[in-house]
Amino acid sequence: MSGAWGLFAYDALDYTAAQQWLDRKAAQGWRLKKLYFGLLARFERDETSVILCCVAPQGHVQGEEADSCRLCAGTGWDWVAGVRGMDLFVSPPGVFPLPFPSDTALEPDGLFRRVRRRWTASALLILSLLALLGCVLWGTGGMRWSVLLTSDRMLCGLAFAAVDVGLLAAAALSHIHVYIRCRRSVAKGDGLPVRPQRPVRARVLLDYALMLLVWLTCFGSALAWIGGNSLPVERADREELRREPVVLAEDLKIRDGRTSSLSVQEGASLLVSWRRTCEVLRKDGALTGQVRCEVYRCRSVRIARLLAGALYREEREGRPRRLLERHGALELTEAALGFDQAWTGDGPDGSCLLLRQGTTVAVLEAPAELTGADTLEKLWTRLQLEGKAA
């Protein structure tokens, strides 16, 4: 027998529209054979038999599943599939079935109850996915706002998540609107309304597209989180870095016979370009300290303020996944050092200075005093800051 495919894009509230669609197919000589993924309907050609189809809300036939199927088979109906709150039945070749065994008086209330139950399960699944996405992005030990602002992948993931929430809210309102219309129609004694095929099918296809988009957003954000926390680290050329806006140990005059190794991370997003350096100090082979410098060039002052606030909170909580190592929480204090904003604090490895000047944000940690007049003057020069008061 030859076959054909079709989209079975209907849900339980529109099972009468599904019945009409299958009846048209049957009148053209197409018998429903199987349903794949709840959406793709496979038909086989049968021009020798009268084909009858029946779409019933799930649970329409009372009793255990095996007993229900046996009862339907005994009356000439073969069960094909159960999908989105509906059971699909078709008459076997050469068989003219008896009227479908049902209790129409129980149909509306049972249908509405099963629809609400199915919506609850779907809502719980979606909320679980969004909660998982939130844990990945902002959970304990997870992604922080500073990393999000400096990563195009994370910004894209956040934008998609916002679009997902908006589309899911619109789809939920559409479903609730249809549900209320159906309830009102049944309450008036008119039965379930038969809606046009095109909007009915479009709504179900939109649901599938939304679920796929939610899954892709969660999967893509997880990959972005993994990639964003495993940035490549390269050995830096000291001579080249002396011409860049970074602060090295020699700028802070803490070399005093020590040797050091220097590594760097660089990157850029639509909002922020950044460079992070870590200089490890050793003396006689023993580790004596580290100089860490982060410099962020933001696209606007507002973004710089947002980033500075995020870095301030992260430093107070303990180092997030920005550099190679973490330290405990720092008690930062706002200080008037001539910058637009500045905070200072002391940690186990030395002093910490967080500053914002215009669209530049910098974090500096070193085993040295960072608030002296000479050091601050050096920072203005090395970080290439603008807007210094006369």
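Residues numbered from 1 in each chain as written. Predicted model: local features only at pLDDT ≥ 70, side-chain atom pairs only at ≥ 80, totals over all residues. Heavy atoms only, no water.

A.B. asks: Sorry if this is basic, but what is going on with the overall build of the chain here?
C.D. replies: Broken down by element type, the chain carries nine helices and 14 strands. Within the chain, the proportion of its 390 residues that are buried is 47%. (Helix = DSSP H or I, 4+ residues; strand = E, 2+ residues; numbered from the N terminus. Buried < 20%, exposed > 50% of the residue type's maximum accessible area, 1.4 Å probe, protein only.)

A.B. asks: Hey, could you run me through the pattern of salt bridges in this one?
C.D. replies: Think of it this way: side chains of opposite charge can pair up when their charged atoms draw near. All told, the structure shown has six salt bridges when counted by the stated rule. As a salt-bridge pair, Arg31 and Asp46 come within 2.1 Å of each other at their nearest N and O atoms. Taken together, the positions of Arg31 in strand β2 (residues 30-36) and Asp46 in the loop between β3 (40-45) and β4 (53-57) put the pair 15 residues apart, joining distant regions of the chain. Residue classification places Arg31 among the buried residues on the basis of a relative accessible area of 3%. (Salt bridge = Lys/Arg side-chain N within 4 Å of Asp/Glu carboxyl O.)

A.B. asks: What is the right way to read the side chain of Asp87 from this model?
C.D. replies: Secondary-structure assignment places Asp87 in strand β6 (residues 86-90). A relative accessible area of 16% means that Asp87 is categorised as buried.

A.B. asks: Looking at this structure, I do not really get the sheet that holds strand β5 (residues 78-83). What am I missing?
C.D. replies: Sheet strands pair by backbone hydrogen bonding; their relative direction is either parallel or antiparallel. If you walk across this open sheet you meet the three strands as β4-β6-β5, and the pairing is antiparallel. Of all the strands in the sheet, the pair left with one neighbour each is β4 and β5. Pairwise comparison of adjacent strand axes, ignoring direction, gives a mean angle of 20° for this sheet. In this structure, β5 lies alongside β6, joined through five bridges in antiparallel fashion. Its bridge partner lying in β6, Asp78 is registered against Val90. (Pairing = 2+ DSSP bridges. Axes fitted to C-alpha atoms, helices over the stretch in contact; angles between N-to-C directions.)

A.B. asks: Explain the nonpolar core here, please?
C.D. replies: Note that soluble globular proteins tend to have their nonpolar side chains buried in a common cluster. Judged by nonpolar contacts, the single largest core of 32 residues is most densely connected at Phe8, Tyr10, Leu22 and Leu88. Broken down by secondary-structure element, the contributors of at least two residues to this core are α1 (15-27), β2, β3, β4, β5, β6, α3 (107-138) and α5 (152-187). Broken down by element, the residue count for this core peaks at six residues, all from α1. Within the second largest apolar cluster, 23 residues are counted, among which are Ala249, Leu252, Leu355 and Trp380. (Core = buried A, V, L, I, M, F, W, Y, C linked by side-chain atoms within 4.5 Å.)

A.B. asks: What should I look at first to understand α1 in this one?
C.D. replies: Because an α-helix completes one turn every 3.6 residues, residues spaced three or four positions apart along the sequence face the same direction. Relative to the 18 Å expected for 13 residues at 1.5 Å per residue, α1 spans 18 Å between its end C-alpha atoms, a close match to the ideal helical length. Looking one or two residues past α1, Gly29 carries a phi angle of roughly 90°, positive in sign. (Expected span 1.5 Å × (residues − 1).)

A.B. asks: I tried to follow a nonpolar patch on the surface on my own but got confused; where do I start?
C.D. replies: Together, Trp5, Tyr36, Phe37 and Leu40 make up a nonpolar patch on the protein surface, roughly 460 Å² of accessible area in all. Structurally, Phe37 can be placed in the loop between β2 and β3. Given the relative accessible area of 73%, Phe37 is considered exposed. (Patch = residues over 30% accessible without salt bridge, like charges linked within 9 Å, V, L, I, M, F, W, Y side chains within 5 Å. Areas by Shrake-Rupley, 256 points an atom, 1.4 Å probe, with all protein chains shown as cover.)

A.B. asks: I tried to follow the pairing of strand β13 (residues 350-357) on my own but got confused; where do I start?
C.D. replies: Moving residue by residue along a regular strand, the side chains alternate between the two faces of the sheet. For β13, the tally of buried residues reaches seven of eight residues, placing the bulk of the element in the interior. The hairpin turn running from strand β12 (residues 341-347) into β13, its antiparallel successor, is two residues long. In terms of strand pairing, β13 meets strand β14 (residues 360-366) through seven bridges, oriented antiparallel. From the neighbouring strand, Leu353 faces β14, where its bridge partner is Leu364. With antiparallel pairing between neighbouring strands as the criterion, β13 and β14 make up a hairpin whose turn holds two residues, including Gly358 at a positive phi of roughly 65°.

A.B. asks: Whenever I open this one, helix α9 (residues 373-382) confuses me. Can you help?
C.D. replies: Taken together, the buried positions of α9 are occupied by Thr375, Leu376, Leu379, Trp380 and Arg382. If you follow the buried residues of α9, they end up packed against α7 (238-241), β13 and β14. A positive backbone phi angle near 55° is found at Gln384, which sits one or two residues after α9. (Contact = heavy atoms within 4.5 Å.)

A.B. asks: Explain the side chain of Arg356 here, please?
C.D. replies: Among the secondary structure elements, Arg356 is positioned in strand β13. A polar contact is formed between the side chain of Arg356 and the side chain of Gln341, at a distance of 2.6 Å. Apart from residues lying up to four places away in sequence, Arg356 is in contact with Val301, Ala304, Arg305, Ala308, Phe339, Asp340, Gln341 and Val361. (Polar contact = N/O pair within 3.5 Å; in protein donor to acceptor, adjacent residues only side chain to side chain.)

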